[in-house]
Amino acid sequence: QVQLVESGGGLVQAGGSLRLSCKVSRAILSTFLSLDMAWYRQVPGKQRELVAISPSGGSTNYADSVKGRFTMSRDNNKKSTYLQMNSLKPEDTAVYFCHEEKSDSWGQGTQVTVSS
């Protein structure tokens, strides 16, 4: 199992921006390069939703609801993945989770609240 540490959540007004970070703890570079990283979000009472996924050696894919507003990136040297969220909307309010697909490893989640 991969240990994931998240940060960057908070309260913002509609139209604002946040950047979420997810660091893979104590991973060597060769291991990190093989990981399939993703971001999910979950609203109370709803199913967890895939927001963006960046598989190793593949292209990043985004949910239709965030295309053009969210950008997922990876920093291999820092062994971290990021989710830049721009033009935030109240419907983006959720707990956001970092996930590694191959090992099915989850971060603890970070709350994002967008006020209108």
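Structural data are supplied above this passage.
Residues numbered from 1 in each chain as written. Predicted model: local features only at pLDDT ≥ 70, side-chain atom pairs only at ≥ 80, totals over all residues. Heavy atoms only, no water.

### Remarks on the state of the cysteines
For the record, the criterion: When the sulfur atoms of two cysteines come within 2.5 Å, that pair is taken as a disulfide. Secondary structure follows DSSP: runs of H or I at least 4 residues long count as helices, runs of E at least 2 residues long count as strands, and numbering of each begins at the N terminus. Only protein chains enter the calculation, and the probe is 1.4 Å; a residue is then buried if its accessible area is under 20% of its type maximum, exposed if over 50%, and partly exposed in between.
Counted according to the given criterion, the structure contains one disulfide. Disulfide pairing places Cys22 opposite Cys98 at an S-S distance of 2.0 Å. Linking Cys22 and Cys98, the disulfide has an S-S dihedral of approximately -80° and is accordingly described as left-handed. With Cys22 in strand β3 (residues 18–24) and Cys98 in strand β9 (residues 94–100), the pair connects residues that are 76 residues apart, well separated along the chain. Note on Cys22: relative accessible area 0%, which makes it buried.

### Looking at the pairing of strand β1 (residues 4–7)
Inclusion rule: Strands are treated as partners if at least two bridges between them are detected by DSSP.
Of the two faces of β1, the one lined by Leu4 and Glu6 is fully buried and the one lined by Val5 and Ser7 carries no buried residue. Here β1 runs beside β3; their pairing, made up of four bridges, is antiparallel. Along β3, the bridge assignment pairs Ser7 with Ser21.

### Re the environment of Thr113
To keep it simple, the criterion reads: In this description, contact between two residues means that some pair of their heavy atoms is separated by no more than 4.5 Å.
Structurally, Thr113 can be placed in strand β11 (residues 110–115). Separated by 105 residues in sequence, Thr113 and Gly8 have C-alpha atoms that sit 12 Å apart. For Thr113, the residues in contact, after removing those within four places along its chain, are Gly10, Leu11, Val12 and Thr93.

### Things to note about unusual backbone geometry
In this structure, Ser87 takes a positive phi of about 50° despite not being glycine. Inspection of the secondary structure assignment puts Ser87 in the loop between β8 (80–85) and β9. What makes Ser87 partly exposed here is its relative accessible area of 42%. You will see that Asp104, though not glycine, has its phi angle at about 50°, which is positive. Assignment of secondary structure puts Asp104 in the loop between β9 and β10 (105–106).

### Looking at the sheet that holds strand β7 (residues 70–75)
Applicable threshold: Lines fitted to C-alpha atoms define the axes here, with helix axes fitted over just the stretch in contact, and angles between the N-to-C directions of these axes take values from 0 to 180 degrees.
Pairing is antiparallel in the open sheet, where four strands are placed in the order β1-β3-β8-β7. Whereas interior strands pair on both sides, the edge strands pair on one side only; in this sheet they are β1 and β7. The sheet shows a mean angle of 15° between the axes of neighbouring strands, direction not considered. Where β3 meets β8, six bridges bridge the pair, whose relative direction is antiparallel. Within β8, the position partnered with Cys22 by the bridge is Thr81.

### Comments concerning the nonpolar core
Applicable threshold: Only buried residues count toward a nonpolar core, which is a set of Ala, Val, Leu, Ile, Met, Phe, Trp, Tyr and Cys residues joined through side-chain atoms within 4.5 Å.
In this structure, Leu83, Met85 and Tyr96 are the most contacted members of the largest nonpolar core, which totals 26 residues. Here this core gets four residues from one element, more than from any other, and that element is β3. When near neighbours in sequence (up to four residues on either side) are disregarded, Met85 contacts Gly16, Ser17, Leu18, Leu20, Arg69, Phe70, Tyr96 and Val112.

### Notes on the packing of aromatic side chains
Note the following rule: To pair, rings of Phe, Tyr and Trp, with the six-membered ring standing in for Trp, must have centres within 6.5 Å; the planes then decide the type, stacked if under 30 degrees apart, edge-to-face if over 60, and tilted in the middle.
Scanning all chains against the criterion turns up two aromatic pairs. Here Tyr40 and Trp106 contribute two aromatic rings whose centre-to-centre distance is 5.0 Å and whose plane-to-plane angle is 65°, an arrangement assigned as edge-to-face. Here Tyr40 is found in strand β4 (residues 37–42), whereas its partner Trp106 is found in strand β10, with 66 residues between them in sequence. Owing to a relative accessible area of 14%, Tyr40 belongs among the buried residues under this scheme. A centroid spacing of 6.1 Å and a plane angle of 85° characterise the contact between Phe97 and Trp106, whose relative ring orientation is edge-to-face. Judged by relative accessible area, which is 9%, Phe97 ranks as buried.

In short, the description is geometric, and any link to function would need to be established separately.
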